[in-house]
Amino acid sequence: MDRLPDGVTEPRWIAGAPTLAQVTDDIARPMEGRPGKLWYALFAVAVLGLLDLLGMATYLIANGIGVWGLNNSVGWAFDITNFVFWIGIGHAGTLISAILLLFRQKWRTSINRSAEAMTIFAVMCAGLFPLLHMGRPWDAFFIFPYVPNQHGPLWVNFRSPLVWDVFAISTYFTISLVFWYLGLIPDLATLRDRAAGRIKKLVFGLFSLGWNGSHRTWARYEVVSLVLAGLATPLVLSVHSIVSMDFATSLLPGWHATIFPPYFVAGAIYSGFGMVLMLLIITRQSMNLQRYITIRHLDSMAKVLLLTGSLVSYAYATEFFSAWYGGNLYERYHFINRATGPYAFGFYLMVLCNVIAPQLFWWKRIRTSVGALFVVSILVNIGMWFERFIIIVVSLHRAFLPSGWGMFYPTLIDFGILIGSFGLFFTLFLLFIRYMPMIAIWEVKGVVTDQQHGGHGAHGAGDVHATPAALLTQAVNHAE
Amino acid sequence: MPSNVLVATFPHVEGLLHAVRQARREMLRVYDVFAPFPVHGLDEAMGIRHTRLPKITLIAGLTGLVFALSLQFYANVLDWPLNVGGKPDNTTLAFIPISFELTVLFGGLTTVAAFLLRAKLYPSKRPWLPATGVTDDVFALVLRKPAAEETHQRALALLTECGAASVTESEAEL
């Protein structure tokens, strides 16, 4: 339980009592000055990764996907592992921006903008892998139903989960992008009105759509945010459910499980929060934003990691239990092979990172130590990558008859493209924190005003009506 | 045609809210309020009606649903029936994921488009700012300038009384 000073009941999400003008200054400053040495160092590494991706992808497209370690037994490996990994990362952004908005969680205001940006960049990285796996990326439009079909009167197979994926991910990307841009408009107007240079004035003027802070517009804006949040919430749950159906609708031992959709969604939120935590620690240290991204924010995220990590652990246990209890020989062998076979190291690494590591967050000292949080957030990402690797490769490499068994050995190109996708992601993210308001200025102003006037002054988006969930949240916050 | 307005600026939310309530009580016509963030309680104080945008979401979402179901039905049953594992041509259950996604896509995009149209926001629009700093830390109440001199004086007195930092006359495209 937090010890708050006497008379303070509402948690304070912004340190100190900055004035509104100060909030604008603090958040806009990193965009107007020169970034620190840390930013340049990170950016240089990220760009190297991006160049690696460009080189590797060019080599892959020129030579075909045979340069990957795929074979007849294991036809899906790093490519789909990376795809599921990146899609999962993206889910935390939508959770923070949409679900926490509906639940009226004020702590999201400092972190939602960067989390949403992370979603968009992660989905871009994810989209890269199916595209490369096609071998002929220039024919990628085949995956959409289009008229007239110039390759015969055939349609895509609407019964296939892979086609569902196409729809789910394109919708997810589009809605996330629109939601993010909508949230940016008032801040772009703020930046337009304080811009000194001509180019900045022009660019911000173009994209701020003539926003002038009219309350008649604000009233509609809040309703639209709420509607989009209401749409994005089932959307994000559907996306990873559909991704899991790529596996669950097959008959392969290790894939054919009804627990997959909720298991994948919990895993996605877990990995995504790990990534958000890591990025926010980098951001607050490299951009001096400790006042807005406080230890309390990190603490709350650690609690979400503890919850989702425990859910994921429960799913692992359920899988083993149903393999044993179900009595299916192939299913049972798959799980024995998972824990004792040639890829067992990956399984134990996954258990260490996803089952044991988050349990450290029961201790408040660990939840409030930036160093410990950073280490665990990296472990979470490693663990979740290995989880997907195990589900995909270990299931494929020894399924059914031993005559069809094989091994997957990743090549340098496999590793190169994986590392390169991180290069793309971090290049985009570092550019974002350099050139865009990485904290939602207008939402923070609402929270700051609220803090100073005892909860009657203002509110963040979505505070239109008190929902039962919101009242519950308030009760919990007061109990703390 | 531009009309004359009175622009009163406030440094704090309280003064603004008080002024809006008082002005409406005095039967002065509030044109709009400009603020750097959505101020709680202004909807009621200004007497803004609920927006009808959620209805557009519903209509657009249903359109997306019908479109997705008919596209899949047309492709799989009418245009080119294909036997996949002996399943029936009209496998409605397998059509649900795509139908859901298109419902969300149509609903979301149409709502945002309708919002931008209704709020008349478009790229490169020149914003009308009643006072400097309304996108930073200034709250501005904009009243239609009363025609009668006596009402005008009463409005000025009221705004000063409520703690307005400045009261100026301006022109706005109403």
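Residues numbered from 1 in each chain as written. Chains lettered and ligands numbered in written order. Predicted model: local features only at pLDDT ≥ 70, side-chain atom pairs only at ≥ 80, totals over all residues. Heavy atoms only, no water.

**Section: a positive patch on the surface**
Residue and element names in this part refer to chain B.
- Taken together, Arg49, Arg52, Lys55, Arg118 and Lys120 make up a surface patch of like positive charges.
- Here Arg52 lies in the loop between α2 (42-46) and α3 (53-79).
- Its relative accessible area of 56% is what places Arg52 among the exposed residues. (Patch = residues over 30% accessible without salt bridge, like charges linked within 9 Å, V, L, I, M, F, W, Y side chains within 5 Å. Areas by Shrake-Rupley, 256 points an atom, 1.4 Å probe, with all protein chains shown as cover. Salt bridge = Lys/Arg side-chain N within 4 Å of Asp/Glu carboxyl O. Lys, Arg positive; Asp, Glu negative; His and termini not counted. Charge placed at Lys NZ, Arg CZ, Asp CG, Glu CD. Helix = DSSP H or I, 4+ residues; strand = E, 2+ residues; numbered from the N terminus. Buried < 20%, exposed > 50% of the residue type's maximum accessible area, 1.4 Å probe, protein only.)

**Notes on the pairing of strand β2 (residues 30-34) of chain B**
Residues and elements named next belong to chain B.
- Burial of β2 is extensive: five of the five residues sit out of reach of the surface.
- Note: β2 against strand β3 (residues 139-144), four bridges, orientation antiparallel. Bridging across to β3, Val33 finds its partner in Leu141. (Pairing = 2+ DSSP bridges.)

**Digging into the packing of aromatic side chains**
Residues and elements named next belong to chain A.
- Under the criterion given, the structure shown has 48 aromatic pairs over all chains.
- Judged by centre distance (5.0 Å) and plane angle (80°), the rings of Phe78 and Trp385 are edge-to-face. Taken as a pair, Phe78 in helix α3 (residues 78-102) and Trp385 in helix α13 (residues 370-397) lie far apart in primary sequence, 307 residues in all. Like Trp385, Phe78 is buried.
- Between Trp211 and Trp218, the aromatic rings sit 4.8 Å apart at their centres with planes inclined by 80°, giving edge-to-face as the arrangement. For the pair Trp211 and Trp218, a shared accessibility class is recorded, and that class is buried.
- Over the aromatic face of Tyr435 sits the side chain of Arg434, whose NZ or CZ is 4.8 Å from the ring centroid. (Phe/Tyr/Trp six-rings, centres within 6.5 Å; stacked < 30°, edge-to-face > 60°. Lys NZ or Arg CZ within 6 Å of the ring centre and 35° of its normal.)

**So, α13(A)**
Residues and elements named next belong to chain A.
- Given a rise of 1.5 Å per residue, 28 residues ought to cover 40 Å, and the 40 Å separating the end C-alpha atoms of α13 matches this to within 8%.
- Approximately 25° is the largest bend angle found in α13, and it occurs at Ile390.
- Taking burial as the measure, the 28 residues of α13 include 20 buried ones, the bulk of the element. (Expected span 1.5 Å × (residues − 1). Bend = angle between axes of the 7 residues up to and from the residue.)

**Focus on the nonpolar core**
- Counting residues in each nonpolar core, the largest one holds 195 residues, and the members touching the most others are Trp86(A), Phe273(A), Phe425(A), Phe10(B) and Leu141(B).
- Of all the elements, helix α8 (residues 260-287) of chain A adds the most residues to this core, at 17 residues.
- The residues touching Trp86(A), leaving out its near neighbours within four places in the chain, are Ala122(A), Cys125(A), Ala126(A), Phe129(A), Met275(A), Ser421(A), Phe422(A) and Phe425(A).
- Core analysis: the second largest hydrophobic core is formed by 10 residues, Val7(B), Val138(B), Ala140(B) and Ala172(B) among them. (Core = buried A, V, L, I, M, F, W, Y, C linked by side-chain atoms within 4.5 Å. Contact = heavy atoms within 4.5 Å.)

**Observations concerning the sheet that holds β2(B)**
Residue and element names in this part refer to chain B.
- Spatially, four strands are ordered β2-β3-β1-β4 in an open sheet, and the strand pairing comes out antiparallel. Every other strand in the sheet has two partners, leaving β2 and β4 (166-173) as the edge strands with one partner each. Across the sheet, the mean angle from the axis of one strand to that of its neighbour is 25°, orientation sign disregarded.
- Along the sheet face, helix α5 (residues 149-161) touches β1 (2-10), β3 and β4 and points at about 25° away from the line of β1. (Axes fitted to C-alpha atoms, helices over the stretch in contact; angles between N-to-C directions.)

**Thoughts on the packing of α8(A) against helix α9 (residues 295-326) of chain A**
All names here are of chain A.
- At a closest axis distance of 9 Å, the pairing of α8 and α9 adopts a crossing angle of 150°. Of the possible angle classes, the one that applies to α8 and α9 is roughly antiparallel. Here the hand of the crossing between α8 and α9 comes out left-handed.
- Each residue belonging to the contact of α8 with α9 can be placed in one class, and the counts come to 19 nonpolar, four polar and two charged. (Parallel < 35°, antiparallel > 145°, perpendicular 65-115°, else oblique. Left-handed = near helix turned anticlockwise from the far one by under 90°. Nonpolar A, V, L, I, M, F, W, Y, C, P; charged D, E, K, R; others polar.)

**A word on the interface of chain A and chain B**
- Tallying the contact residues gives 59 residues for chain A and 66 residues for chain B.
- Taken together, both faces of the contact between chain A and chain B bury some 5500 Å²; the carbon and sulfur share is 69%.
- Among the residues chain A hides against chain B, the three largest losses belong to Arg159(A), His215(A) and Arg220(A). Together they make up 15% of the total.
- Linking chain A with chain B are one salt bridge.
- Two residues, Asp136(B) and Lys445(A), come together in a salt bridge whose shortest N-O distance is 3.9 Å.
- If you list the elements that add at least two residues to the side of chain A that touches chain B, you get α1 (20-32), α5 (161-194), α6 (198-207), α7 (215-248) and α15 (441-452) of chain A.
- Of all the elements, α7(A) adds the most residues to the side of chain A that touches chain B, at 17 residues.
- Along the lines of polarity and charge, the residues of the side of chain A that touches chain B split into 31 nonpolar, 20 polar and eight charged. (Buried area = accessible area lost by both parts, 1.4 Å probe.)

**Describing unusual backbone geometry**
- Unusually for a residue other than glycine, Phe400(A) sits at a positive phi of about 55°.
- Tracing the sequence through the fold places Phe400(A) in the loop between α13 and α14 (412-435).
- A relative accessible area of 36% places Phe400(A) in the partly exposed class.
- Not every positive phi belongs to a glycine, and Ser124(B) is a case in point at roughly 65°.

**Topic: the pattern of salt bridges**
All names here are of chain A.
- What the rule picks out here adds up to 13 salt bridges over all chains.
- Across the pair Arg194 and Asp25 runs a salt bridge whose closest N-O atoms are separated by 2.7 Å. Separated by 169 residues along the polypeptide, Arg194 in helix α5 and Asp25 in helix α1 bring together distant segments of the chain.
- Judged by relative accessible area, which is 28%, Arg194 ranks as partly exposed.
- In this structure, Arg192 engages Asp193 in a salt bridge whose closest nitrogen and oxygen atoms are separated by 2.9 Å.
- Connected via shared salt-bridge partners are Asp299, Lys303, Lys364 and Arg367.

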